[in-house]
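So the chains spell out like this:
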Amino acid sequence: MASGVPRPVGATYRLQLGPSFTFEDAARRVPYLADLGVTHLYLSPVLEAVHGSAHGYDVTDPTRVRAELGGRRGLERLADAAHVDGLGLVMDIVPNHLGVGRPEQNPWWWDVLTHGRKSAFAHYFDIDWDPRNGAGGKLALPVLASEGDVAAITVDRTGPEPVLRYHDRMFPIGRDVGGGDAERIHYAQPYRLVPWDSAVRSYRRFFTVDDLAAVRVEDSDVFAATHAEIGSWFTDGIADGLRVDHPDGLADPVSYLHRLRELTGPDAWIVIEKILEPREPLEPSLPVAGTTGYDALRELGHALLDPDGAAGLGALHERWTGDDGGDGALRAARGEIADDIARGDLGPELRRLARAALRESTPRSLAGPPPAPLVEAAAVRWARDSRFYRDDYPALAEPAARLREDIRTRSHGCDDGAPGSGAAFDLLAEARDRGAETAARFAQFTGALTAKTVEDTLFYRTARLISLQEVGGSPSDFGPSDPHSAFARRAAQWPAAMTTLSTHDTKRGEDVRARIGVLSQCPDDWATAVGRWMPLLPSPPDPVTGLFLLQTVFGVWPEDGAITDDLRARLHAYAEKAMREGRRGTSWTSPDGAFEAAGHAFLDALLADTVGAGMTELVARLAPHGRSDSLAQKLLQLAGPGVPDVYQGTERWEDSLVDPDNRRPVDWSAADDSHPKQHLVRTVLRLRRERPESFVRGSYRPLVADGTAAGHLLGFHRGPSGGAPDVAALATRHSLRLERAGGWADTRIDLGDGAWTDRLTGHIVTGRTPLQEIFLEHPVALLVRE
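Residues numbered from 1 in each chain as written. Predicted model: local features only at pLDDT ≥ 70, side-chain atom pairs only at ≥ 80, totals over all residues. Heavy atoms only, no water.

A. Region of the structure containing the overall build of the protein chain. Secondary structure assignment for the protein chain yields 25 helices and 24 strands. By the compact-globule yardstick of 28 Å for 786 residues, the protein chain fits well, its C-alpha radius of gyration being 27 Å. Its C-alpha atoms give the protein chain principal-axis dimensions of roughly 85 × 60 × 55 Å. The long-range fraction of contacts in the protein chain, counting pairs at least 24 apart against all pairs at least 6 apart in sequence, stands at 73%. When the accessible area of the protein chain is evaluated, it comes to approximately 28800 Å², of which 52% is carbon and sulfur surface. Positive and negative side-chain charges of the protein chain, numbering 88 and 113 respectively, have mean locations separated by a distance of 2 Å. (Helix = DSSP H or I, 4+ residues; strand = E, 2+ residues; numbered from the N terminus. Rg over C-alpha atoms; globule rule 2.2 N^0.38 Å. Contact = heavy atoms within 4.5 Å. Areas by Shrake-Rupley, 256 points an atom, 1.4 Å probe, with all protein chains shown as cover. Lys, Arg positive; Asp, Glu negative; His and termini not counted. Charge placed at Lys NZ, Arg CZ, Asp CG, Glu CD.)

Have a look at this one:
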């Protein structure tokens, strides 16, 4: 139990730690971040990880702070430096899995490989020791290049103890049968090296990442062992809060989070990386402050999109691809992708789920239970049609029950056409109801299937408006025309939840999304440009990839049109990842050189002068409106309900794409208080620190203008709970349409009694004021009643 009193978290700044940015490097940035106005440094995972890891999510020893970062002493020195300047620390923890790609670096995994089921750590990992696991009951490790490559395994006796080597990988020898016969020794081990593309996996993974093995923190001994170091951070006053990585991957996230709360104490700030689908509530009984903010990111993006642009962008998509990118096309694509992934990448998890269901259910007929393939098919159908990562939270009981009845009806009807599908569904449902292994595995399978189907594949297979294709988002959802209800709901229900615009996992940076989002205001302009450019370009590998790359390039195109070698290389790396993630004609496991070459050729032509001149001209017209939206969404995030996080470097303009591009080193020398975005960030964060009672758990009230352009204002009042509002945040919405309609004209705003000072400009506003005066210098305003 924690003994210290955590510092209240008001605003965080995410730092990506690694060998090139250590605790010492972070400590040097403390004065700058304190001046910026945050209350806490939010650190990426700090426990011992695979040597050289740039992200730290591949933890190898959760009992120690990572030596490459500076070890426990380095963490303590960083905490001391932060405390001197009035800041605290929020830590990122990874309870789901451990890194096992380098077994010799993970002492628990090494011991399991050495001793098999007899290892004291065998129950730490979610391993399938069943004789039917495809590896004869052994632990299958997918590392070989091919079945025949088993001949490349050798015995190395040069070290303190003999090991098996496969190229640069090493594995322990727990049972040494003597001699130099590597094949015999390999066969005698409790593990089996199998081809990397084998269908056999005998341990549950984080999604489909072979190098990340799932950990059974539902076991009290495992929880204690994996969280002892974490608990000490609170006992010793090092940390004030935690970010919990993907709790939906755990067997019982609700119980886990209650146990974590007991460890940290009642006042620690805990947020969870819970991906909420549109209109999905966060389980209110969880002992957390809220999510890490993907739901907020979606709502902030919706606030600035023009829903009227959906039809025009859909027509463009249909012209070039044959479908409009709407709900119908996406549902069909999602079902196709899910079926393929469930039986392919997630096949081992699916088969293990079916075996658990057969074991935990009661045969309903003399003929015995339905065959495993039918149970697998029932699980896929049920998981595929679920709208949520997992539907076993109490708050989702009603929609989960409706889906269950719908699946049951279809399974017992004739539309599925498979004899026995009804019996298979009933068996699976019964096993789930027992609340034992089947229930947990089904929920874990659903989450992995949703993530791999939607964020990792579908989001690269459609291109109506790619700024919508973000974790927790929906490509067909342009959002409500009035975002205030979502903001007000956050203020009332989850006032201390994290909000974000960029993370280490976002598909594209916040400023890139903002610029692409402007296309919702001018779909006809975009359609005209695409129609003019496409005949000038070589054929893309498929039409969706062409549209996808066009929007991507538009999002990052320099305003001066100068394409550097660095940008070109980054775009080509991104194109390769996008094509392989989309799995249309190439993939990570089966790359197609011709398909990818066509994509790179299309991109090279797009970056060349013929089309490049047109892109430069279009960007020159629309980029100012992208910057307007960037400032608007930043103001709405920082001044709105919740605890805002600023991802490293995003206090200035940035053009990052998906990881690893968004984890590039930050150019700290570029900090400049005159930069309009940094000026905004610094001003709002300092105001939050000055008046904390007006923000976290403060009141929220929409502000409405009057006049012909009233719909282009997005604003709200903040203030102490139960007190008078003393802050007003005002942002321009749909600035391109506003410009074309003639500007603010007669539109005014009345902020209420007193004089209000715009902290961004120093201007004083009283009474009913024309918005064109308030927005004279910036498209946003932060007004304070002094």
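B. Inspection of the sheet that holds strand E10 (residues 169-172) at higher detail. Overall, antiparallel pairing links the 3 strands, which are arranged E8-E9-E10 in an open sheet. Each edge of the open sheet carries a strand with a single partner, namely strand E8 (153-156) and E10. Strand after strand, the sheet turns through a mean of 30° between neighbouring axes, direction not considered. Sheet topology places E8 next to strand E9 (residues 163-166); 4 bridges connect them, and they run antiparallel. Paired with Val155 across the two strands is Leu164, which belongs to E9. (Pairing = 2+ DSSP bridges. Axes fitted to C-alpha atoms, helices over the stretch in contact; angles between N-to-C directions.)

C. Representation of the packing of aromatic side chains. In this structure the tally under the stated criterion is 20 aromatic pairs. Between Trp108 and Phe121, the ring centres sit 5.7 Å apart and the planes meet at 15°, which makes this aromatic pair stacked. Note that Trp108 is positioned in helix H4 (residues 107-115) and Phe121 in the loop between H4 and strand E7 (139-144), a separation of 13 residues in sequence. Judged by its relative accessible area of 9%, Trp108 falls in the buried class. Note on Phe121: relative accessible area 21%, which makes it partly exposed. Pairing Trp109 with Phe125 gives two aromatic rings, centres 4.9 Å apart and planes at 75°, and the pair type is edge-to-face. Linking Trp109 in helix H4 with Phe125 in the loop between H4 and E7, this pair joins segments that are 16 residues apart in sequence. Judged by its relative accessible area of 2%, Phe125 is buried. In this arrangement the basic side chain of Arg259 is found over the ring face of Phe223, its NZ or CZ atom lying 5.3 Å from the centre. (Phe/Tyr/Trp six-rings, centres within 6.5 Å; stacked < 30°, edge-to-face > 60°. Buried < 20%, exposed > 50% of the residue type's maximum accessible area, 1.4 Å probe, protein only. Lys NZ or Arg CZ within 6 Å of the ring centre and 35° of its normal.)

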